[in-house]
Amino acid sequence: MKKNTISQRKLLGIAGLGWMFDAMDVGMLSFIIAALKADWGLTPEQMGWIGSVNSIGMAVGALFFGLWADRIGRKNIFIITLLLFSLASGFSALTNTLFAFLVLRFFVGMGLGGELPVASTLVSESVSAKERGRVVVLLESFWAFGWLIAALISYFVIPSFGWRVALIIAALPAFYAIYLRLNLPDSPAFSPKKAEKRTIGQNVRDVWSKKYARSTFVLWMVWFTVVFSYYGMFLWLPSVMVMKGFSMIQSFEYVLIMTLAQLPGYFTAAWLIERVGRKFVLVTYLLGTAGSALVFGQAETTAVLIVSGIFLSFFNLGAWGALYAYTPEQYPAVIRGTGAGMAAAIGRVGGILGPLLVGSLVAAGNSIGFIFALFCASIVVGVITLAFLGKETRQIELT
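What counts, and at which threshold
Residues numbered from 1 in each chain as written. Predicted model: local features only at pLDDT ≥ 70, side-chain atom pairs only at ≥ 80, totals over all residues. Heavy atoms only, no water. Phe/Tyr/Trp six-rings, centres within 6.5 Å; stacked < 30°, edge-to-face > 60°. Helix = DSSP H or I, 4+ residues; strand = E, 2+ residues; numbered from the N terminus. Buried < 20%, exposed > 50% of the residue type's maximum accessible area, 1.4 Å probe, protein only. Polar contact = N/O pair within 3.5 Å; in protein donor to acceptor, adjacent residues only side chain to side chain. Contact = heavy atoms within 4.5 Å. Core = buried A, V, L, I, M, F, W, Y, C linked by side-chain atoms within 4.5 Å. Expected span 1.5 Å × (residues − 1).

Undergrad: Help me understand the packing of aromatic side chains in this model?
TA: Any pair of aromatic rings gets described here by the distance separating the centres and the angle formed by the planes. For the structure on display, the rule yields 24 aromatic pairs. A ring pair is formed by Phe64 and Trp68, whose centres lie 6.5 Å apart and whose planes are at 45 degrees; its orientation type is tilted. You can see Phe64 and its partner Trp68 sitting in helix 2 (residues 44–72), four residues apart, about one turn around the helix. Its relative accessible area of 41% is what places Phe64 among the partly exposed residues. Residue class for Trp68 comes out partly exposed when judged on its relative accessible area of 32%. By way of ring pairs, the aromatic residues Trp19, Trp223, Tyr230, Tyr231, Trp320 and Tyr324 are connected into one cluster.

What follows is the structure, given as structure tokens:
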């Protein structure tokens with residue numbers, strides 16, 4: 001590793017902190033939606049729009065910042081996206097109307113959507129091939145810590161002090177992560193001279209060139225189905241628990257228990273990914289997610305609900321870790337940010353549709369079991385595409 005780079009552990013810590021604060025915000029959003037329903041008297045469709053506008057911002061951010069990461073470098077985008085996310089999140093605590101809240105959630109989403117694929121790209125390019133998958137999955141594991149903190153804040157703060165205080169608490173620490181990033185070196189794979197010779201249009205065309213079209217198709221399918229199901233299910237978890245007859249406090253408590261299962265999901269995926277490969281981990285964990293979603297939607301007892309929710313968290317977040325490791329490995333450095341950003345953007349389209357679909361189906365009187373069965377089916381489509389068309393990238397050298 002070059003002298004102007006930092007240690008792998010420090011890189012992981014700095015990137016992971018930003019990842020954790022992002023997760024805190026997204027994790028709290030699911031609880032805040034439930035709180036806003038009571039505070040502002042929101043309809044199911046309006047609740048769905050809060051989740052979806054976040055994903056609209058993420059789609060725009062992933063595409064825009066992914067394209068620019070190949071032009072101005074990973075580090076610059078890394079700092080810009082976290083600053084945008086932190087400011088918008090803090091200001092959203094001051095809103096009094098749904099419209100203003102939605103506008104700020106769009107900018108929160110832009111920062112978040114731009115940061116995640118760029119962060120995984122930066123870390124991927126800064127770590128040796130034999131450890132790359134494990135380190136990227138460990139980076140993704142910070143998401144679980146963020147969700148855990150979000151669940152704790154939501155459980156202890158929102159019922160007593162309100163959702164505004166919770167949002168301010170979540171936004172403030174992110175500025176510390178921005179400070180840490182200022183001394184972070186850029187990716188050793190990024191070349192400003194090469195970037196200047198290429199246009200954004202050329203990078204986009206190359207992502208769909210004959211050499212990379214198959215990989216791009218697989219990534220877009222997997223990203224869409226994974227994000228569609230994840231945001232459809234997880235943003236609605238507390239609200240679904242309330243619909244099943246639990247109080248808001250009980251639902252927050254049970255979701256907190258389920259959130260704990262994310263950590264072993266990540267750590268087992270990190271252990272397996274360099275031993276059995278990206279495809280095996282992704283396919284296995286996604287099938288586990290699909291099965292857990294089916295059982296969760298049909299659950300009629302508290303025990304089945306919690307156990308299936310635990311497995312849902314375990315498998316789904318392990319799959320997320322593997323997907324972030326797998327995605328940057330499909331492209332060379334000159335189009336890696338573009339390819340990863342475009343795949344994430346397509347995924348975020350699924351994140352827009354998922355919460356909206358739940359809201360409209362609930363309003364139309366469809367059962368939770370039917371809704372979760374749809375998410376199960378979408379994941380299976382992604383698994384089939386990956387299993388038959390995806391290529392294995394374990395321990396390949398990035399160029």
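Now that the structure has been shown, the text picks up again.
Undergrad: Would you explain the side chain of Arg198 in this entry?
TA: Relative to the helices and strands, Arg198 is located in the loop between helix 9 (192–197) and helix 10 (200–207). Polar side-chain contacts of Arg198 include one of 2.4 Å to the side chain of Asp206. In this view, Arg198 contacts Arg71, Asn203, Asp206, Val334 and Ile335; residues no more than four positions away in its chain are not counted.

Undergrad: Just checking my understanding: could you explain the nonpolar core for this structure?
TA: Nonpolar side chains tend to gather and get buried jointly when the protein is soluble and globular. In terms of nonpolar packing, the biggest core is built from 132 residues, with Ile50, Trp143, Trp223 and Phe372 touching the most fellow members. Looking at this core element by element, the count peaks at 19 residues for helix 1 (residues 8–40). Aside from chain neighbours lying at most four places away, what touches Ile50 is Leu29, Ile33, Leu36, Leu42, Leu98, Phe101 and Leu102. Counting five residues, the second largest nonpolar core, distinct from the first, contains Phe65, Ile77, Met110 and Val118.

Undergrad: It is not clear to me how the environment of Ser313 should be interpreted in this structure. Could you clarify?
TA: Residue position: Ser313 is located in helix 16 (residues 302–326). Exposure remark for Ser313: the relative accessible area of 1% places this residue in the buried category. For the pair Ser313 and Met233, spaced 80 residues apart in sequence, the C-alpha to C-alpha distance is 10 Å.

Undergrad: Looking at this structure, how should I read helix 16?
TA: One full turn of an α-helix is made of 3.6 residues, so residues set three or four places apart face in the same direction. Relative to the 36 Å expected for 25 residues at 1.5 Å per residue, helix 16 spans 36 Å between its end C-alpha atoms, a close match to the ideal helical length. In terms of residue burial, helix 16 counts as a mostly covered element, since 19 of its 25 residues are buried.

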